[in-house]
Amino acid sequence: MLKINENFVKLPASYLFVDIAKKVQLFSQQHPEKEVLRLGIGDVTRPLPKSVIQAMKDAAEEMGSSATFRGYGPEAGYLFLRDAICKNDYQGKGIEIDPDEIFVSDGAKSDTGNIGDIFDRENTVAVCDPVYPVYVDTNVMAGRAGDYSAYAGWSKIIYMPCKKENGFLPELPEENADMIYLCFPNNPTGMGIHKDELKKWVDYALERHSVILYDAAYEAFITDPEMPHSIYEIEGAKKCAIEFRSFSKTAGFTGVRCAFTVIPKELTFNGISLNRLWGRRQSTKMNGVSYIVQRGAEAVYSEKGKREVRENIAYYQNNAKIILNGLAHAGFEVYGGVNSPYIWLKTPERLSSWEFFDLLLEKANVVGTPGSGFGQAGEGYFRLTSFNTTENTKEAVERIIKSFSAA
Ligand code: PLP
């Protein structure tokens, strides 16, 4: 008789965003006259840069003519895009990465979720707490996580708490962590990492023969010159780290879908190249990303594209500043927001994350994301995002301050 993958059954249903949506819907039904402002969304709202639109239009035209039509493309991505990535994101910044170390995909979610395919089930996994849930759930699916308890989480996962006490940065685990997921700037805490701090991780991984799975989906938001945009700015990282990047938050591609993963050829375990394994995995399981989308992504690196992207990022950064400064001024304890679109707020008056959510919705008609939804160490915190319009962001901050200073 057929047996299913029992690991999927072990996964608790993910209620976070469903519960939020239900509460907001109920509130709106009960108070139709109130305008609810959403600072909970992790999705961008600014339209795509004009140069990206033009490039995709041109590419669509090419597809309509037999002389320029293209069918299946290279699984790892067209060379024009891998070249542009290498030149702009790496070589131009003094990092030697070759196009054949780049794998273009439809998203950092797919890549961070699928990367586990090339690693053994017995490896130990370390994640930050709070965490982007994809890293944990995909390891549950793969059978690496052990058993779940609401009290302690997954028995085999090494959780690295990121709290105020440690500056929201994970500490090196005493146990042997084989697969270490790091995300900087971080979702949800909004915290960035300095080079010297990241170097500790590279040294740990090199010493213990671990791999660092480095999610840099938010690197475009870094403002601090001491913060690396790529883990390969750290000496030795090419021998121990895989890097994930995305056009989603950088260039507004959340709906278009394009990202890439970097696996240096130097990254080998027992003489086996991870670049080769990932290439084999990808070419077996996917047929690449649409030509039109890759032309759009290439345009992100044109002079006009770069300017437009910078403008969009600056818009969100300004929103982040409005939230951070506004709430800090009013006496809230706020973190992140400087090198990230996310603001991590300590809930006032020792409220739990969900209690604060309910009060915020009721009193200010503002929606955010309860920190406890990202892990146990997120309890007592709350995530706000800078992805709404500046008008709505200002209005939301005013409402929060008014509601809570009158409390
Ligand atoms: N990694 C992190 C940390 C994210 O927060 C997100 C999206 O919110 C992603 C990856 C997903 O990126 P993509 O849209 O490229 O799949």
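These numbers were taken from a predicted model, which means no experiment stands behind them.

As a matter of local geometry, the ligand sits amid 14 residues, with G107, A108, K109, S246 and S248 nearest to it. Among the elements that make up the shell around the ligand, the one with the highest residue count is helix α5 (residues 108-114) (three residues). Of the residues in the shell around the ligand, the class split is five nonpolar, seven polar and two charged.

On to the UniProt feature "modified residue: N6-(pyridoxal phosphate)lysine" (unreviewed entry) in the protein. Look at the UniProt record and you will see "modified residue: N6-(pyridoxal phosphate)lysine" (unreviewed entry) annotated at K249. Counting through the fold element by element, K249 comes out in helix α8 (residues 248-251). Residues within four places of K249 in sequence aside, it is in contact with V44, A217, Y218, A220 and P341.

Pairing is antiparallel in the open sheet, where four strands are placed in the order β13-β14-β17-β16. This sheet does not close on itself; its edge strands, each paired only once, are β13 (333-336) and β16 (369-370). Pairing of β13 with strand β14 (residues 342-346), which is carried by four bridges, proceeds in the antiparallel orientation. Opposite Y335, over in β14, you have W344 as the bridge partner. Along the sheet face, helix α11 (residues 303-329) touches β13, β14 and β17 (381-385) and points at about 15° away from the line of β14.

Our focus in this paragraph is the nonpolar core. Of all hydrophobic cores here, the largest spans 117 residues; its most connected members are V127, I180 and I212. The element that contributes the greatest number of residues to this core is α11, accounting for seven residues. The residues that make up this core include at least three from each of domain 1 (6-47 + 310-405) and domain 2 (51-303). If we ignore the near neighbours within four places in the chain, the residues touching V127 are Y135, V136, I157, Y159, M160 and Y181.

With domains assigned, the protein is organised as domain 1 (6-47 + 310-405) and domain 2 (51-303). The straight-line distance from the C-alpha centre of domain 1 to that of domain 2 is 26 Å. Contact with domain 1, which involves 30 residues of that partner, is made by 33 residues of domain 2. For the side of domain 1 that touches domain 2, the elements supplying multiple residues, two or more each, are α1 (6-10), α11, β13 and β14. In the side of domain 1 that touches domain 2, the residues fall into 14 nonpolar, twelve polar and four charged.

Put simply, helix α12 (residues 353-364) and helix α13 (residues 390-405) touch, their axes get as near as 9 Å, and they point 105° apart. Here α12 lies roughly perpendicular to α13, going by the angle between them. Of the residues in α13, those touching α12 at L360, K363 and A364 are R399, I400 and S403. The class makeup of the residues in the contact of α12 with α13 is three nonpolar, one polar and two charged.

A few words on helix α9 (residues 274-285). The terminal C-alpha atoms of α9 lie 16 Å apart, and with twelve residues this matches the ideal 16 Å at 1.5 Å per residue to within 8%. N275, W278 and Q282 are the residues of α9 that are buried. Down the axis, α9 shows its buried residues gathered within 70° of arc, on one side only. Away from its buried face by more than 90 degrees, α9 exposes R280 and T284. On its buried face, α9 is in contact with β2 (102-105) and β12 (272-273).

When the UniProt feature table is mapped onto this chain, "binding site: substrate" (unreviewed entry) is found at Y15, G42, K109, Y132, N187, N287 and R383. With the annotated positions falling across 369 residues, the maximum pairwise C-alpha distance of 36.3 Å shows that they are not confined to a single cluster. Position of G42 relative to the elements: it lies in the loop between β1 (37-38) and α3 (50-63). Positionally, R383 belongs in strand β17. Using a count of 25 C-beta atoms within 10 Å as the deciding quantity, one classes R383 as buried. The contact partners of R383, leaving out residues within four places of it in the chain, are P188, Y342, W344, G368, T369 and G371.

Turning our attention to the confidence of the model for the protein. When pLDDT is averaged along the protein, the result is 96; 100% of the residues meet or exceed 70. Here the complex is predicted with pTM 0.97, and the ipTM for its interfaces comes to 0.99.

Cut-offs and rules
- Residues numbered from 1 in each chain as written.
- Predicted model: local features only at pLDDT ≥ 70, side-chain atom pairs only at ≥ 80, totals over all residues.
- Near = placed C-beta within 6 Å.
- Helix = DSSP H or I, 4+ residues; strand = E, 2+ residues; numbered from the N terminus.
- Nonpolar A, V, L, I, M, F, W, Y, C, P; charged D, E, K, R; others polar.
- UniProt positions renumbered as here; feature names shortened; annotations may be inferred.
- Contact = placed C-beta atoms within 7 Å.
- Pairing = 2+ DSSP bridges.
- Axes fitted to C-alpha atoms, helices over the stretch in contact; angles between N-to-C directions.
- Core = buried A, V, L, I, M, F, W, Y, C linked by C-beta atoms within 7 Å.
- Buried ≥ 20, exposed ≤ 12 C-beta atoms within 10 Å, placed from the backbone.
- Domains from an automatic or database assignment.
- Parallel < 35°, antiparallel > 145°, perpendicular 65-115°, else oblique.
- Expected span 1.5 Å × (residues − 1).
- Arc of directions from axis to C-beta.
- pLDDT = per-residue confidence, 0-100.

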